[in-house]
Amino acid sequence: MRVKRAGLVTKLVIVVLLIYMMISFLEMRNQIQTAQVERDSLQTQVTDQRLKNQELAEAIENSDDPEMLESVARDKGYVKPGETIYVDVAN
């Protein structure tokens, strides 16, 4: 039984298909890497937002706490009656 050898056109088609598949594979790998970087960035943003949400929830729970109210008032520049404010002008 004789085995028919592949012709030049057949070999050329196979080489072109292999090159096309290789280029497609590299493009997909690049897209996957880009998506992974974006996913990691979004995961970091989600973690940061969850921490902020937790802090806000704790602030809401402690909104009736007198010490918390005093702390917020002092951060805004308010003082108790009779207190004297000293401003450091050396800086």
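Notes on the structure follow. (Residues numbered from 1 in each chain as written. Predicted model: local features only at pLDDT ≥ 70, side-chain atom pairs only at ≥ 80, totals over all residues. Heavy atoms only, no water.)

## Looking at the overall build of the protein chain
Line of reasoning, step 1. Scanning the protein chain from N- to C-terminus turns up two helices and zero strands.
Line of reasoning, step 2. A compact globule built from 91 residues would reach a C-alpha radius of gyration of about 12 Å, whereas the protein chain, at 34 Å, exceeds it by more than 25%.
Line of reasoning, step 3. When the backbone C-alpha atoms are referred to their principal axes, the protein chain occupies close to 110 × 40 × 15 Å.
Line of reasoning, step 4. The buried share of the protein chain, reckoned over its 91 residues, is 0%.
Line of reasoning, step 5. Put simply, the protein chain has 11 plus and 14 minus side-chain charges, and the middle of one group is 32 Å from the middle of the other. (Helix = DSSP H or I, 4+ residues; strand = E, 2+ residues; numbered from the N terminus. Rg over C-alpha atoms; globule rule 2.2 N^0.38 Å. Buried < 20%, exposed > 50% of the residue type's maximum accessible area, 1.4 Å probe, protein only. Lys, Arg positive; Asp, Glu negative; His and termini not counted. Charge placed at Lys NZ, Arg CZ, Asp CG, Glu CD.)

## Observations concerning the pattern of salt bridges
Line of reasoning, step 1. One pass over the structure, following the stated rule, counts four salt bridges.
Line of reasoning, step 2. Residue Glu-70 is joined to Lys-80 by a salt bridge in which the shortest nitrogen-to-oxygen separation is 3.7 Å. In this pair, Glu-70 sits in helix α2 (residues 66-75) while Lys-80 sits in the segment after α2, placing the two residues ten residues apart along the sequence.
Line of reasoning, step 3. Residue classification places Lys-80 among the partly exposed residues on the basis of a relative accessible area of 43%.
Line of reasoning, step 4. Taking the shortest distance from any N to any O, the salt bridge between Arg-74 and Glu-83 comes out at 2.9 Å. (Salt bridge = Lys/Arg side-chain N within 4 Å of Asp/Glu carboxyl O.)

## Digging into a nonpolar patch on the surface
Line of reasoning, step 1. Side chains of Ile-14, Leu-18, Tyr-20 and Met-21 sit close together on the surface and give an oily, nonpolar patch of about 460 Å² of accessible area.
Line of reasoning, step 2. Tyr-20 sits in the exposed class, given a relative accessible area of 57%. (Patch = residues over 30% accessible without salt bridge, like charges linked within 9 Å, V, L, I, M, F, W, Y side chains within 5 Å. Areas by Shrake-Rupley, 256 points an atom, 1.4 Å probe, with all protein chains shown as cover.)

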